[in-house]
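Summary of the model geometry
So the chains spell out like this:
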Amino acid sequence: MKDLARPLAPEDLLEISSLLSLEEAAIRDSVRRYAERELAPGIAEHFEAGTFPKEISRSLGDLGLLGMHLEGYGCAGLNAVSYGLACLELEAIDSGFRSFVSVQGSLAMFPIWKYGSEDQKEEWLPKMAAGEAIGCFGLTETDAGSDPSGMRTTAKRSGPDWVLNGSKMWITNGGIADVAIVWAKTEDGLKGFIVPTDTPGFSTTDVAKKLSLRASVTSELIMDDCRIPESLRLPDAKGLRAPLSCLNEARFGIIWGVMGAARSCFTTALDYTGSRRQFDKPIASFQLTQERLVQIAVELHKGTLLALHLGRVKDESGLPPAMVSFGKLNNVAEALKIARSARGLLGANGITLEYPILRHMNNLESVYTYEGTNEIHTLIVGEALTGIPAYR
Ligand code: TGC
Ligand code: FAD
């Protein structure tokens, strides 16, 4: 038996790390070292300037983090828990980095891997895994967000090609992408297309004046008689089920990622309250401060255990969508509450970019909305409980 009086690490009070395999712990540690060394130093400046350091794509590729849960074609083929741990360590620095990896691996590479032809996989996946080609995923439109079935983008057959018309809105990586996975309505239902971004008729405009996810590119995609050969249609993607299945992968990464942002808020608040003095004492010595720190730690640990449980289920038997929604619903909402509570513990200092908390909090507002809003995930879990879909 271990020594019961052993010191416990505040950010891992329940020793959740002991539930990881040696390989999983090694992956977590190497992503953490990379993130702290390469990503952390410039993040506040990128957030302030509203820029994303696109050049990190290659180093993320070298580390095997792009499409890391996919097998073959240059992808690392690691388990779901490893993918989750990587998302957590990236989002501990900024949600923008996890977003980049989510979109590349789960929303751009996954549909090619799952629904693409052998030629499409060989053409695109190795260079995307290496970070040489950046992808984006165009599902949402200005008037079709929570209800993507209302999309207006169309693809019409024209001889050997398809002609795409319409626009997609709020697309992560849009303005820096080499390839867009575009979902469009056809006479024969919804289909997916691999659209190289240098195709004539394809253009992008970045969304300006964001107050959230500032270190991430968010864009509108415009398709104006954009001609795509049949060889770039995803042959096995049929109906809304195809894009929604990609969301399961990315939502799983979010369940883990937001616990990284929450951990960063927690450790910042713990450090700060230990050194900040008021009334001749560290503010951590006040019972009200300790209560807040404990509430934060409890939700952080519960959320991380939930992520690990869902990761184990995913690795062992696959994850039903309602379980993914359960995790996204809980962990994003709790991460936001943690950020808000931690921000308060820093007083006035909490509102600056000197500390990461308000940056995380603003980012988490986007995470609360994208990949299915909190309300949509509530309804998905509600349907699983009652058998009654209540979306419309
Ligand atoms: P519904 O009739 O329920 O379903 C249509 C078909 O899809 C199937 N299905 C799923 N399949 C796999 N995984 C899932 N999660 C699935 N959910 C549904 C379903 O079985 C059915 O199949 P079939 O074969 O019978 O046709 O569809 P609905 O129109 O009623 O909508 C249901 C609803 C509201 C849950 C769905 O539309 C939804 O999830 N809406 C939210 C939209 C959303 O999440 N958009 C995200 C866009 S991408 C993004 O935000 C990226 S952010 C990236 C970043 O920076 O990290
Ligand atoms: P709406 O659907 O208009 O929802 C507005 C409000 O109404 C929400 O509170 C919602 O929960 C509520 N609501 C809607 N329907 C119901 C209902 N039936 N019952 C109860 N409440 C309801 N999309 C992509 O395709 N690719 C991307 O890469 C991508 N990246 C994004 C990056 C950022 C930074 C952001 C902010 C968004 C991104 N999105 C992306 C879009 C995102 O998925 C949508 O914003 C999201 O699906 C919600 O759609 P909406 O914004 O149109 O809100």
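In this report, the structure presented in the accompanying data block is examined. Not measured: the values here are computed from a predicted model. (Residues numbered from 1 in each chain as written. Chains lettered and ligands numbered in written order. Predicted model: local features only at pLDDT ≥ 70, side-chain atom pairs only at ≥ 80, totals over all residues. Heavy atoms only, no water.)

1. Looking at the overall build of the protein
Per the secondary structure count, the protein includes eleven helices and nine strands. In terms of overall size, the protein behaves like a compact globule, its C-alpha atoms giving a radius of gyration of 21 Å where 392 residues would be expected to give roughly 21 Å. Taking the principal axes of the C-alpha coordinates as reference, the protein spans close to 80 × 45 × 45 Å. Expressed as a percentage of its 392 residues, the buried residues of the protein come to 53%. At a minimum sequence separation of 6, the contacts of the protein that also span at least 24 residues come to 76%. Surface summary for the protein: the accessible area is close to 17,400 Å², and the carbon and sulfur share equals 54%. (Helix = DSSP H or I, 4+ residues; strand = E, 2+ residues; numbered from the N terminus. Rg over C-alpha atoms; globule rule 2.2 N^0.38 Å. Buried < 20%, exposed > 50% of the residue type's maximum accessible area, 1.4 Å probe, protein only. Contact = heavy atoms within 4.5 Å. Areas by Shrake-Rupley, 256 points an atom, 1.4 Å probe, with all protein chains shown as cover.)

2. Considerations on the nonpolar core
The biggest cluster of nonpolar side chains holds 114 residues, and the ones touching the most others in it are Leu60, Leu164, Trp183, Val195 and Trp256. Top contributing element to this core by residue count: helix 7 (residues 241–275), with 16 residues. Beyond its immediate sequence surroundings of up to four residues, Leu60 is in contact with Tyr34, Leu65, Leu66, Leu90, Phe100 and Val101. (Core = buried A, V, L, I, M, F, W, Y, C linked by side-chain atoms within 4.5 Å.)

3. Let's talk about the site of ligand 1
The immediate surroundings of ligand 1 are formed by 26 residues, with Asn248, Arg251, Glu371, Gly372 and Arg392 found nearest. The separation between an oxygen atom of ligand 1 and a polar side-chain atom of Ser99 is 2.9 Å. Burial of ligand 1 by the protein chains amounts to 74% of its free accessible area of 1,100 Å². Because more than half of its atoms lie within 2 Å of the grid, ligand 1 is assigned to the largest pocket. Residue assignment for the shell around ligand 1 shows that the elements contributing at least two residues are helix 5 (95–115), helix 7 and helix 11 (374–386). Examining the composition of the shell around ligand 1, we find that six residues originate from one element, helix 7, more than from any other. By residue class, the composition of the shell around ligand 1 is twelve nonpolar, nine polar and five charged. (Near = heavy atom within 4 Å. Polar contact = N/O pair within 3.5 Å; in protein donor to acceptor, adjacent residues only side chain to side chain. 1 Å grid on protein atoms, 1.4 Å probe; cavity = no way out; pocket = protein on both sides within 12 Å on 5 of 7 lines; lining within 4 Å. Sits in = over half its atoms within 2 Å of the grid points. Nonpolar A, V, L, I, M, F, W, Y, C, P; charged D, E, K, R; others polar.)

4. As for the pattern of salt bridges
All told, the structure shown has 21 salt bridges when counted by the stated rule. In this structure, the salt-bridge partner of Arg233 is Glu230, at a minimum N-O distance of 2.9 Å. Relative accessible area serves as the criterion here: at 15%, Arg233 is assigned to the buried category. When salt bridges that share partners are traced, they join Arg32, Glu36, Glu89 and Arg263 into one network. (Salt bridge = Lys/Arg side-chain N within 4 Å of Asp/Glu carboxyl O.)

5. Digging into the environment of Glu48
Along the chain, Glu48 falls in helix 2 (residues 43–49). A relative accessible area of 58% means that Glu48 is categorised as exposed. Considering only alpha carbons, one finds Glu48 and Leu211, 163 residues apart in sequence, at a separation of 9.6 Å. Not counting the four nearest positions on each side in its chain, Glu48 is found in contact with Arg214 and Leu353.

6. Some remarks on helix 5
An α-helical turn contains 3.6 residues, so a residue and the one three or four places further along point in the same direction. Between its first and last C-alpha, helix 5 extends 28 Å over 21 residues, near the 30 Å set by a 1.5 Å rise per residue. Along its length, helix 5 reaches its greatest deviation from straightness, about 40°, at Met109, and the proline Pro111 lies no more than four positions downstream. Burial analysis of helix 5 places 19 of its 21 residues in the buried class, which makes it a mostly covered element. The opening residue of helix 5, the one whose side-chain oxygen lies 2.8 Å from the backbone nitrogen of Gly96, is Asp94. (Expected span 1.5 Å × (residues − 1). Bend = angle between axes of the 7 residues up to and from the residue.)

7. Re helix 1 (residues 22–39)
With 18 residues, helix 1 extends 25 Å between its outermost C-alpha atoms, agreeing within 8% with the 26 Å of an ideal straight helix rising 1.5 Å per residue. Of all the positions in helix 1, only Glu24, Ala25, Ile27, Arg28, Val31, Tyr34, Ala35 and Leu39 are classed as buried. Looking at the buried residues of helix 1, the elements they touch are helix 2, helix 3 (56–62), helix 4 (80–91), helix 5 and helix 8 (287–317).

8. A look at the layout of surface pockets
Reported here for the largest pocket is a volume of approximately 1,400 Å³. Secondary-structure elements contributing two or more residues to the lining of the largest pocket are helix 5, strand 3 (161–172), helix 7, helix 9 (321–345), helix 10 (357–369) and helix 11. Looking at the lining of the largest pocket residue by residue, the classes come out as 20 nonpolar, 18 polar and nine charged. Reported here for the second largest pocket is a volume of approximately 300 Å³. Forming the boundary of the second largest pocket are 17 residues, of which Glu11, Asp12, Ser17, Arg28 and Arg263 lie nearest the centre. (Points joined across faces, edges and corners; volume = space filled by probe spheres on them.)

9. Details of the site of ligand 2
The local shell around ligand 2 holds 17 residues, among which Thr140, Ser146, Trp170, Thr373 and Glu375 are the closest. Between ligand 2 and Thr140 there is a distance of 2.7 Å, counted from a nitrogen atom to a side-chain nitrogen or oxygen. In this structure, Thr373 approaches ligand 2 through a side-chain N or O atom, which is 2.7 Å from an oxygen atom. Protein chains bury 68% of the 980 Å² of accessible surface belonging to ligand 2 in isolation. The site holding ligand 2 turns out to be the largest pocket. Among the elements of the structure, strand 3, helix 10 and helix 11 are those that each provide at least two residues to the shell around ligand 2. Its residues assigned to classes, the shell around ligand 2 shows eight nonpolar, seven polar and two charged.

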